[in-house]
Amino acid sequence: AVVLTACNNQNQSTETDERTQIAVTTTFLYDMVSVLEEDVDHFNLELIIPAGEDPHVYQPKASDLIKINESDFILYQGLNFEGRMIDLLETGIPVADDLDTSSLEMIEEDGGSEVDPHFWFNIDLYKEAMTNVLNILVEKNPDGEEIYKDNLNAYFEDLDELDGYVEKRIEEVPQESRILITPHDAFGYLATSYDIDVHAPQGFSTDSEVSNKQIQQMANLISERDINAIFLESTTNPDRMERLQEIVASEGGEVEVVSGENQTLLSDSLARRGSRGDTYISMYKHNIDLIVEN
């Protein structure tokens, strides 16, 4: 029924919008295509996983299946980031699966070793992914190649400025205080790129379990290193960080859970349109400013 509905909707939509339709899974891909498509507008772009949702555990809805069936092609990140949608996306084009393997982080997860999919916190890897997207768009729309390349080169200059901004801000924090504690292990690439000590009670997937032992170990670290602030993420449950705070308090310590409007880290999704952090660059600056100021 979904397939039939999708085909019917596609026939109707072609009467009003003759552009090639792309479905992308994440806000990061939506932002990449939007940057490259500026002044081209060849594609009709559809987002599957809404801003603020967690791609690790997102369950596609009937409306998402219609978007996929209507689309001429699908872009997804790969590296098992869209964990529960893999079977559905096998006919799509993975953007990150062929990134520089020597730069990809590995994490021990469930007794094995897996690639950390949060590559976008390494700006050089993000550039690689952007180049992969450009090549796909050029293949689908050769007439737009010159503008796509101009847009990419201009954006790379913006990314170089972002890299300088991040380095300068982190230098404001003494080396011994550069300890970041978040709910799940999404900031490994940030740690490697800018020499930050990152810890999380949960693995890189929010679908993994967290034991009481892991929570206690994190509470011990907070007390031993005299850490004054821990962070929430926009796509994770705040209970884990609040539990950490309670354990530290029960042992005579004190730690702040950084929270409130525009006070959560953006890890697996950009912010909703019109909010702080709704583009890749503004997301990165938001995170770094929040970390440094706390």
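Look above for the structure.
Fair warning: this is a prediction, and the values are worked out from it, not measured in the lab.

Taking 1.5 Å per residue, 14 residues should reach 20 Å; helix α10 (residues 280–293) reaches 20 Å between its end C-alpha atoms and fits that length. With 11 of 14 residues buried, α10 lies mostly within the body of the structure. Of all the residues in α10, the buried ones are Tyr280, Ile281, Met283, Tyr284, His286, Asn287, Ile288, Asp289, Leu290, Ile291 and Val292.

Moving on, we come to the pattern of salt bridges. Opposite charge on two side chains permits them to pair, given that their charged atoms come into close proximity. As enumerated under the stated definition, the model contains 8 salt bridges in all. Arg169 serves as the salt-bridge partner of Glu172, at 2.9 Å between the closest nitrogen and oxygen. Given a relative accessible area of 49%, Glu172 falls into the partly exposed group. We note a salt bridge from Arg169 to Asp289, for which the minimum N-O separation is 2.9 Å. Remark: Asp289 occurs in helix α10 and Arg169 occurs in helix α6 (residues 145–170); sequence separation between them is 120 residues. You'll find Arg169 and Asp289 in the same group, each marked buried. What emerges from the salt-bridge pattern is a single network uniting Arg169, Glu172, Asp289 and Glu293.

Packing of helix α2 (residues 27–37) against α6 leaves a shortest axis separation of 8 Å and a crossing angle of 115°. For the pair α2 and α6, contact is made by Asp31, Val35, Leu36 and Glu37 and by Tyr148, Asn151, Leu152 and Tyr155, respectively. Broken down by class, the residue content of the contact of α2 with α6 amounts to 5 nonpolar, 1 polar and 2 charged.

Mapped onto the elements, Phe28 comes out in helix α2. Under the relative-accessibility criterion, Phe28 is labelled buried at 1%. If we ignore the near neighbours within four places in the chain, the residues touching Phe28 are Gln77, Trp120, Tyr126, Ser267, Asp268, Ser269, Leu270, Tyr280 and Met283.

On the basis of relative accessible area, Arg169 is assigned to the buried category, the value being 13%. Sequence separation of Arg169 and Lys285 is 116 residues, and the distance between their C-alpha atoms is 9.5 Å. Not counting chain neighbours up to four residues away, the residues in contact with Arg169 comprise Ile288, Asp289, Val292 and Glu293. A distance of 2.9 Å separates the side chain of Arg169 from the side chain of Asp289, its partner in a polar contact.

How each quantity is defined
Per chain, residues are indexed from 1 in the order of the written sequence. The predicted nature of this model means local features are confined to residues of pLDDT at least 70 and side-chain atom pairs, given and counted, to a pLDDT of 80 or more, with totals for whole chains, interfaces and linings taken over all residues. With hydrogens and water excluded, all non-hydrogen atoms of the structure serve as input to the side-chain values. The helix count covers DSSP runs of H or I at least four residues long, the strand count covers runs of E at least two residues long, and both are numbered beginning at the N terminus. To estimate how far a helix should reach, multiply one less than its number of residues by 1.5 Å. Throughout this description, buried means an accessible area under 20% of the type-specific maximum (1.4 Å probe, protein chains only), exposed means over 50%, and partly exposed covers the range between. Any Lys or Arg side-chain nitrogen found within 4 Å of a carboxyl oxygen on Asp or Glu counts as a salt bridge. The convention used is that axes are lines fitted to C-alpha atoms, helices contributing only their stretch in contact, and that angles between N-to-C directions extend from 0 to 180 degrees. Pairs of residues are marked as contacts when any of their non-hydrogen atoms sit within 4.5 Å. Residues are sorted three ways: Asp, Glu, Lys and Arg are charged, Ala, Val, Leu, Ile, Met, Phe, Trp, Tyr, Cys and Pro are nonpolar, and all the rest, Gly among them, are polar. Polar contact is the term for a pair of N or O atoms within 3.5 Å; when the atoms are in protein, one must be able to donate a hydrogen and the other to accept it, and sequence-neighboring residues count only if both atoms are side-chain atoms.

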